[in-house]
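Geometric and topological summary
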Amino acid sequence: MDKTLRRWAPLFVLPALISFIIAFLVPMIMGLVLSFFKFSTVTDGVFVGWSNYKRIFTDMDFVTSLWMNVRFTVVTVISINILAFFLALLLTQGVKGTNVYRTIFFMPNLIGGIVLGWIWLLIINGILLPRNATIITDAKYGFWGLVALANWQNIGYMMVIYIAGIQTINRDLIEAAQIDGANSWIRLKSVILPSVMPAITICTFLTLTSGFKIFDQNLALTAGNPARQTEMLALNIYNTFYTRTNFEGVGQAKAVLFTILVAIIALTQLAATRQKEVEA
Amino acid sequence: MKRKYIALTLLITLLVAVSGFSAGTKEEAVKEVYFLNFKPEIASVYETKVAPAFEAETGIKLKVVTAASGTYAATLKSELAKSSPPTIFQTNGPVGLAGSLNYVSDLKNTQFYKILSDKSMALTSGDQVLAIPYAVEGYGLIYNDAIMRAYFALPNKKVSIKSAEEITSFALLKAVVEDMTRNKDRLGIKGVFASTSMAPGNDWRWQTHLVNVPLAYEFRDKGIPTGTKTDNFEFKYANEMKQLWDLYLDNSTTARGLLGSKSVDDAMAEFALGQAAIVQNGNWGAAQILGVQGNKVADKDIKFMPIYIGVKGEEHDGLNVGTENYLCINSQVSAEKQALADQFLTWLFSSDTGKAIVKNDLMFITPFNTFKDHELPTDPLAKEVIRWMNKDGVSSMPWAFSVIPSGQWKTDFGADLGQYINGKMSWSDVAKRAVASWKTEYDLTK
């Protein structure tokens, strides 16, 4: 059995492997290589060494969008995780209609980012109408609009992960704590939180990386306006690559930097939260 | 050992698969022209009228792919990199052309170039002809003459002129517009000017078209010929532009703060529904007025006047006439395919069938000597453009914006105009930044 499995494994792996190579490995290597080329289409370029990387910093827009992106990610990681965690707590108390609520909270996650962006554009412009303003009148409207959108989209998903985490906690453990006289705050802090640490790890990882990778929501909601003040990294890279003549290579170099940056941040976070995970 | 075999089998399968894909595309022997269309609004004409007619008459297939609005540059970039790239594609002028220099062939010996009436309109490099315009367009202030007549019939009007035809300067325009705003309830309009659309991707009427007027005057003063790239830009007529910009904003259907949500479509709809009397746009907008449901403007009432900003002698200047529509033939495809492309373009703009489609369905005002007077398009705006081009004592303003150093300049300038609307930037800063950014972008894209 084992032997047959081993003999046929490559055949079954093949389709996935081919798609992985075509859709992931090849573009990634091409992307890395292209960041050292001056080119207008991806199959035709001239080697220019590090010059694309140097040109990233000829203007400050990359740094500005990095800063915008960091602020956005910090706010959304905190807000999404806290809200999702408390929703999960609420919906594991055996309230009537729990499943209906869970489904409803999860639903925004099933809608694509562009559609979500348009929906929230209507909502936010509607709210701002009495003040004679729109979402792109002021950068702070755009920022909080994006935060609201990200929360709305991600809370349901993270909630499901937290619910799964909370449900794995041994009831005896909580009961024992209750008998020992722990009030609900201490139960939360000393029993529940440490036990759901794996869920916290994965949820922070997901929200952190999605915060940096946000693109379609950004494009649909503000498109970086006003004056590129709400333009985050992915959109900045896209705009550099596609809207600036002779900046294709620079856009590519930014993308490489971006990948490295997100990888470093995500790996650091993983290492840091893993340490806090406990065996229960 | 066994593992090595497995790895080898895997690799071979992969190679066979990959080579299989590429072999498949090479075997096509059908004669085909691949045209990457720029204008989504007329994509269906190419697909349902042009392609079948061309195939019926010549037996050559026409493959038309249209990029979604605002994504042409991105689509072109990825299509050109494919194994069967487009044969014919569009470029918007010298700046766009710079981005695809490796892909444009010399059109000097094509039939298509021979039918171009004014050879100086083509984009060239040295003695090579790289791109040929196919449609001339004009823009200015489109006005609804019915509303204008209603205004000039008012007993309490404060101006002495008697019709919109007599507006020939900024001062007159301002007097009329401000008086119309005072009487807007009696005229039944929400504002004189349609919304100054500033939604993302909808500011090109200002950062490209409106700024063209001060640009063209400045280049004319300095004797810089149209189409010549220059770093010599000081925004000499910034204050004149501000006058008109403020007039747009203060007499609009929409409050300043809300302009960020308005699109060009919104503005055109306001005009079509009779909520606004004037909108700045070009003859390509005809379909957007005529096609709006509940359109209240009669064809005969759709008129053009030039954009006046208050420069001395502007009564002698007409509409902004030029082109942003050039076609290139891909130099990276086989000579045979290039010849087919030439055959298609020549057919479209010189055969009777082709010309009929151009006139009635594509509605282009073409720069080709194959078109007679009665073969020009008949929609109201195109007719107005032609009338202004031939008007005595008036000469058209050229499209000076084709030498704006980069798309980035336009984006930044549009953003600053938005900041000015929202009171976050003074006009002098807008002007200063426009000048500085021009220098930077000129150097970066040299």
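Here the residue numbers are simple positions, counted from 1 along each chain's written sequence. Both sets of labels track the order of writing: A upward for chains, 1 upward for ligands. Since the coordinates come from a predicted model, pLDDT governs what is reported: local features require at least 70, and pairs of side-chain atoms require 80 or more to be given and counted, while whole-chain, interface and lining totals use all residues. In computing side-chain properties, one takes all heavy atoms of the structure into account and sets aside hydrogens as well as water.

Here we take up the domain arrangement of chain A. Residues and elements named next belong to chain A. Boundaries of every domain are those given by an automatic assignment or by a domain database. The domain boundaries assigned to chain A delineate domain 1 (2-51) and domain 2 (54-275). Between the C-alpha centres of domain 1 and domain 2 the distance comes to 29 Å. Counting from both sides, the interface comprises eleven residues of domain 1 and, opposite them, nine residues of domain 2. Of all residues in domain 1, Ser35, Phe39 and Ser51 bury the most surface against domain 2, accounting for 51% of the area lost on that side. We define a salt bridge as a contact between a side-chain nitrogen of Lys or Arg and a carboxyl oxygen of Asp or Glu at a distance within 4 Å. At the boundary of domain 1 and domain 2, one finds zero salt bridges. Strands here mean DSSP runs of E at least two residues long; helices mean DSSP runs of H or I at least four residues long; both are numbered from the N terminus. Going through the elements one at a time, helix H1 (2-34) and strand E1 (37-41) are the ones with two or more residues in the side of domain 1 that touches domain 2. Considering each element in turn, the side of domain 1 that touches domain 2 owes the most residues, four residues, to E1. As a working rule, the residues Ala, Val, Leu, Ile, Met, Phe, Trp, Tyr, Cys and Pro are called nonpolar, Asp, Glu, Lys and Arg charged, and the rest polar, with Gly in that last group. Along the lines of polarity and charge, the residues of the side of domain 1 that touches domain 2 split into six nonpolar, four polar and one charged. Contact definition: two residues touch when any of their heavy atoms are within 4.5 Å. Buried area is understood as the total, over both parts, of accessible area removed when two parts are fitted together, assessed with a 1.4 Å probe.

Let's shift gears to the packing of helix H9 (residues 204-222) of chain B against helix H10 (residues 238-250) of chain B. Residues and elements named next belong to chain B. Put simply, H9 and H10 touch, their axes get as near as 10 Å, and they point 135° apart. Our classification of the angle between H9 and H10 gives oblique. Between H9 and H10, the contacting residues are Trp206, Leu210, Val211 and Pro214 on the first element and Met241, Leu244, Trp245 and Tyr248 on the second. When its residues are assigned to classes, the contact of H9 with H10 shows eight nonpolar, no polar and no charged. Note on geometry: axes are lines fitted to C-alpha atoms, helical ones only across the stretch in contact, with angles between N-to-C directions running from 0 to 180 degrees. Here the angle decides the label: under 35 degrees means roughly parallel, over 145 means roughly antiparallel, 65 to 115 means roughly perpendicular, and every other value means oblique.

Once that is clear, we can look at the packing of helix H7 (residues 170-182) of chain B against H10 of chain B. Residue and element names in this part refer to chain B. Running from N to C, H7 and H10 point in directions that differ by 15°, and their axes come no closer than 11 Å. Regarding the angle of H7 to H10, the classification is roughly parallel. The handedness of the crossing between H7 and H10 is left-handed. Across the interface between the two elements, Phe170, Leu173, Lys174, Val177 and Glu178 from H7 touch Gln243, Leu244 and Leu247 from H10. For a crossing to be left-handed, the near helix must be turned anticlockwise from the far one by less than a right angle; the clockwise case is right-handed.

The subject of this paragraph is unusual backbone geometry. Cis geometry is adopted by the peptide bond preceding Pro226 of chain A, which originates at Asn225 of chain A and carries an omega value of -10°. Not every positive phi belongs to a glycine, and Phe235 of chain B is a case in point at roughly 55°. Its location among the elements puts Phe235 of chain B in the loop between H9 and H10.

Residues and elements named next belong to chain B. We note that the domain assignment places domain 1 (27-136 + 323-371) and domain 2 (139-321 + 395-444) within chain B. Using only C-alpha atoms to locate each centre, domain 1 and domain 2 end up separated by 31 Å. Contacts between the two partners involve six residues from domain 1, matched on the other side by nine residues from domain 2. Between domain 1 and domain 2, the buried area comes to about 770 Å², and carbon and sulfur atoms account for 63% of it. Broken down residue by residue, the surface that domain 1 buries against domain 2 is led by Pro94, Val95 and Glu324, which jointly contribute 52%.

This part is about the nonpolar core. For this analysis, a nonpolar core means a set of buried residues of the types Ala, Val, Leu, Ile, Met, Phe, Trp, Tyr and Cys, connected via side-chain atoms within 4.5 Å. The buried label applies to any residue whose accessible area, calculated with a 1.4 Å probe on protein chains only, is under 20% of its type's maximum; exposed applies above 50%, and partly exposed to all values in between. One finds Phe235, Trp245 and Ile278 of chain B to be the most contacted residues of the largest nonpolar core, which totals 93 residues. With residues near it in sequence (within four places) discarded, Phe235 of chain B still touches Val211, Pro214, Glu218, Met241, Phe413, Ala431, Ala434 and Val435 of chain B.

Here we come to the interface of chain B and chain A. With 31 residues of chain B at the contact, the number on the chain A side is 34 residues. The contact between chain B and chain A buries some 2900 Å² in all, and 60% of this surface belongs to carbon and sulfur atoms. Interface area lost by chain B to chain A is led by Lys77, Leu258 and Gln408 of chain B, which between them contribute 20%. At the junction of chain B with chain A, the criterion picks out three salt bridges.

Turning our attention to the pairing of strand E11 (residues 326-329) of chain B. Residue and element names in this part refer to chain B. Burial along E11 is two-sided: the residues Tyr326 and Cys328 and Leu327 and Ile329 are all buried. For two strands to be treated as a pair, DSSP must find at least two bridges joining them. Two strands pair when backbone bridges link them, and strand E3 (residues 88-91) and E11 are joined in this way by four bridges, in the antiparallel orientation. The partner of Ile88 across the bridge, within E11, is Ile329.

All names here are of chain B. Enumeration over the complete set of coordinates arrives at 30 salt bridges over all chains. For Arg149, the salt bridge identified is with Asp301, shortest N-O distance 3.2 Å. Of the two residues, Arg149 sits in helix H6 (residues 145-152) while Asp301 sits in the loop between helix H12 (286-290) and strand E9 (302-305), which places them 152 residues apart along the sequence. A residue is classified by how much of its surface remains accessible, and Asp301, at 5% relative accessible area, is buried. The residue Asp250 makes a salt bridge to Arg256 at a minimum N-O spacing of 2.9 Å. What you see here is one network of salt bridges that share partners, running through Asp145, Arg149, Lys300, Asp301 and Lys303.

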